[in-house]
Amino acid sequence: MKLYVAVLLAMIVLSAPGLCDPNNTDNTGVDRAISEIAPNEFDVTLTLDNITICGITETLPCDLTFVSTTHPEEKVKVSGQNISFAVINETQVTYRVRSSTPGSGVPEITGIWIDLLSDSEGAVGGGVMSHSEHQTTDTEAEQQNTPGFGTWVLVAMMFVAYLCVRR
Amino acid sequence: MKPGFFAFLVLMLAVTLSPQACAIVTGDLDGDQIVSEAELTALILEYLDASPVDSSHIGLADLRSISHIHAYYPRTIVDSNGDEITIYTPVRRIVALTSDCAEVIRSLGATDEVVGVSTGIAEDEFFSEFGEVQTVGKWNNPDCEVLLALDPDVVLAYGKWPGKDKLEEKLGGTDIEVIRLNLYIPENMTDDVRKLGIVLEREEKAQRLIDFYQHYMDLIAERVGTLPIEDRRSIYLECYSDFKTVSAGSGGDQMCVMAGGRNIAGDLIGAYPKVDPEWVIAQNPDVVVRAASASYDNTSEPEAILGDIVSRPGWAGMDAVEGGRVHLLTSDIYTGPRYLIGVTYMAKWSYPETFADIDPSDIHREYLVRFQGRDIQDTIFVYP
């Protein structure tokens, strides 16, 4: 195989989204699924991906009331509209809530999770936000709009392709 | 103040004031040195429930540390003396009394955690990063007052030395763990590296080093490991002084066997027997290896030592001398963590055609670069 063909192939492979991204932590986080089990009553299921020891706090809107959970009682703390869970070596937590607003649809619950065996934390259902990302969000947003490595790879690929055509 | 955090503080105070101290395990609320699931659960809920402006509750860094301890501790090994050692918290302060331990610590990437070394390590150029580290006396007779002042988590020593009267008995009543590992015995090397990896929570790096050893040991064994005893090259290994050799139970004997050789003194009584010059001549070894105490930076010194050996009365007709198979092997690669390099040289000297494609200095360089973060300088480790 000619060198420039190998270089071109390598660039294509390396430029695949996420392949070389050291911050690619798509598989870590906590997702939320809500199902209506009776009128105005909902089961909320939190599913943990790749987290062994986790702290989760769910914040219910004002019209929701916590009813129960299948999680062990000693690992749950209810404080006003906040429900905290200590989750150790488990992958799922389910709790039930009731709405005081008839026909309000699927409730909008917010929550945060902390992976206690890594530096990861994030919003429930919202992916991963590492500690450093907390502090550099603005910078990163700016960087995303700035031509960077990907652009240079594209330019280099076009140049190699041009060399291929010439030969 | 939160109840869990209060209990945590009270326990810390009680343990600190206790005359017979045991290791303080952060997050252990009942004093059993283990962070149970219930204890961790209480602390997680306390953290999540606390107001961010309330400084009396446990912080996230502490909570992560406690979670780590819950997940990975305690961890237990059996050291080279057969003593069961249990570590309850991550080892952050190490005193290394032996250069073999120091070398493996470096391979495992834990040099930053070394707070004390023996004088021999501090004076050894190979361990230049420990030049500023506090010295704690000799490897076989440490100054325990200095050692206690360093407040280490563990002290790493050989199985026999220093004696318990010079170490454990003087450290009694403290939470310092003395771990004895014979990292100078080739046959124990992979096991002891694995144990140190467990203690230092560096199992992956330990495995990489073990894989390195195993790869080359397998390569040598495949070529000469199955040779019948009568076909093996006979080796006379002289250990640092004239006519002091090695027998079964010594690291040198193990190296002879690993190299596919037959140690002419393997059956003698005692691990390091002294033999008569006539006995060596009568054995007529195929290969003579002299272990030298230090590497050389010029050829004149090893040349002189070698000259003295081959000119011994009656040695001129010895097969090893006639065949030019008398070699010096320096202590850097004799037994210890670099025993593999010594074994490879011995295999090549014994079976030059079988190992024509192997250059032991390349393996040495690979080891130094991959595991020690340095390259071979202009140093003579074998001669010729």
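Quick caveat, the model's predicted, so the values are computed rather than measured.

**Describing the overall build of chain B**
In step 1: A tally of helices and strands in chain B yields 15 helices and 14 strands.
In step 2: By the burial criterion, 51% of the 384 residues in chain B qualify as buried.
In step 3: Contacts in chain B between residues at least 24 apart in sequence constitute 60% of all its contacts with a sequence separation of at least 6.
In step 4: Carbon and sulfur atoms form 50% of the exposed surface of chain B, whose accessible area is close to 17000 Å².

**Description of the packing of aromatic side chains**
Residue and element names in this part refer to chain B.
In step 1: All told, the structure shown has 19 aromatic pairs over all chains when counted by the stated rule.
In step 2: Seen in terms of ring centroids, Phe 126 and Phe 127 are 5.1 Å apart; in terms of plane orientation they differ by 75°. Their pairing is edge-to-face.
In step 3: Residue classification places Phe 126 among the buried residues on the basis of a relative accessible area of 16%.
In step 4: Relative accessible area serves as the criterion here: at 1%, Phe 127 is assigned to the buried category.

**A look at the pairing of strand S6 (residues 82–88) of chain A**
All names here are of chain A.
In step 1: S6 sits mainly inside the fold: six of its seven residues count as buried.
In step 2: As defined by bridge partners, strand S3 (residues 53–59) adjoins S6 across seven bridges and the pair is classed as antiparallel. By the bridge assignment for S6, Thr 57 is matched with Ser 84.
In step 3: Here four bridges tie strand S5 (residues 76–79) to S6, and the two strands are oriented antiparallel to one another. Across the sheet, the residue bridging to Val 78 is Ile 83, located in S6.
In step 4: The antiparallel hairpin formed by S5 and S6 contains two residues in its connecting segment, where Gly 80 sits at a positive phi of about 65°.

**Looking at the packing of helix H10 (residues 251–258) of chain B against helix H14 (residues 339–350) of chain B**
Residues and elements named next belong to chain B.
In step 1: Interaxial distance between H10 and H14 falls to 8 Å at its minimum, and their mutual angle equals 50°. As summarised for this structure, H10 and H14 are arranged oblique, according to the angle between their axes. In the packing of H10 onto H14, the handedness of the crossing is right-handed. Here Met 255, Cys 256 and Met 258 of H10 come into contact with H14, specifically with Tyr 339, Gly 342, Val 343 and Met 346.
In step 2: The class makeup of the residues in the contact of H10 with H14 is six nonpolar, one polar and no charged.

**Considerations on the interface of chain A and chain B**
In step 1: Of the residues lining the interface, 22 residues belong to chain A; the matching set on chain B comes to 16 residues.
In step 2: Between chain A and chain B, the buried area comes to about 1500 Å², and carbon and sulfur atoms account for 67% of it.
In step 3: Residue B:Glu37 pairs with A:Lys75 through a salt bridge whose shortest N-O separation is 2.4 Å.
In step 4: Counting across the chain A and chain B interface gives five residue pairs in polar contact (both at pLDDT 80 or more).
In step 5: Contributions of two or more residues to the side of chain A that touches chain B are made by S3, S5, S6, strand S8 (110–115) and strand S9 (120–123) of chain A.
In step 6: It is S3(A) that contributes the most residues to the side of chain A that touches chain B, five residues altogether.
In step 7: Across the side of chain A that touches chain B, the residue classes break down as 10 nonpolar, six polar and six charged.

**Regarding the pattern of salt bridges**
Residues and elements named next belong to chain B.
In step 1: Taken as a whole and assessed by the stated rule, the structure comprises 26 salt bridges over all chains.
In step 2: Here Lys 195 ties to Asp 192 by a salt bridge, and the two come within 3.9 Å at their closest N and O atoms. With Lys 195 and Asp 192 both in helix H8 (residues 189–199) and three residues apart, this pair spans about one turn of that helix.
In step 3: Judged by its relative accessible area of 2%, Asp 192 is buried.
In step 4: We note a salt bridge from Asp 357 to Arg 223, for which the minimum N-O separation is 2.7 Å. Placement of the pair is Asp 357 in the loop between H14 and helix H15 (360–372) and Arg 223 in helix H9 (residues 203–224), with a sequence separation of 134 residues.
In step 5: The class for Asp 357 is exposed, based on a relative accessible area of 55%.
In step 6: Within this structure, Glu 238, Asp 242, Arg 290 and Arg 312 form a network of salt bridges that share partners.

**Some details on the sheet that holds strand S1 (residues 29–38) of chain A**
Residue and element names in this part refer to chain A.
In step 1: If you walk across this open sheet you meet the four strands as S1-S2-S7-S4, and the pairing is antiparallel. Each edge of the sheet is formed by a strand with only one pairing partner; in this case those strands are S1 and strand S4 (64–69). The sheet shows a mean angle of 30° between the axes of neighbouring strands, direction not considered.
In step 2: In terms of strand pairing, S1 meets strand S2 (residues 41–49) through nine bridges, oriented antiparallel. When the bridges of S2 are listed, Ala 38 appears paired with Glu 41.

**Quick word on the nonpolar core**
All names here are of chain B.
In step 1: Counting residues in hydrophobic clusters, the biggest one holds 90 residues, and the most contacted among them are Leu 329 and Met 346.
In step 2: With 10 residues, H9 is the single largest residue contributor to this core.
In step 3: Ignoring any residue separated from it by four or fewer positions in sequence, one finds Met 346 in contact with Ile 235, Leu 237, Met 255, Cys 256, Ala 259, Val 289 and Leu 329.

The rules behind the values
Residues numbered from 1 in each chain as written. Chains lettered and ligands numbered in written order. Predicted model: local features only at pLDDT ≥ 70, side-chain atom pairs only at ≥ 80, totals over all residues. Heavy atoms only, no water. Helix = DSSP H or I, 4+ residues; strand = E, 2+ residues; numbered from the N terminus. Buried < 20%, exposed > 50% of the residue type's maximum accessible area, 1.4 Å probe, protein only. Contact = heavy atoms within 4.5 Å. Areas by Shrake-Rupley, 256 points an atom, 1.4 Å probe, with all protein chains shown as cover. Phe/Tyr/Trp six-rings, centres within 6.5 Å; stacked < 30°, edge-to-face > 60°. Pairing = 2+ DSSP bridges. Axes fitted to C-alpha atoms, helices over the stretch in contact; angles between N-to-C directions. Parallel < 35°, antiparallel > 145°, perpendicular 65-115°, else oblique. Left-handed = near helix turned anticlockwise from the far one by under 90°. Nonpolar A, V, L, I, M, F, W, Y, C, P; charged D, E, K, R; others polar. Buried area = accessible area lost by both parts, 1.4 Å probe. Salt bridge = Lys/Arg side-chain N within 4 Å of Asp/Glu carboxyl O. Polar contact = N/O pair within 3.5 Å; in protein donor to acceptor, adjacent residues only side chain to side chain. Core = buried A, V, L, I, M, F, W, Y, C linked by side-chain atoms within 4.5 Å.

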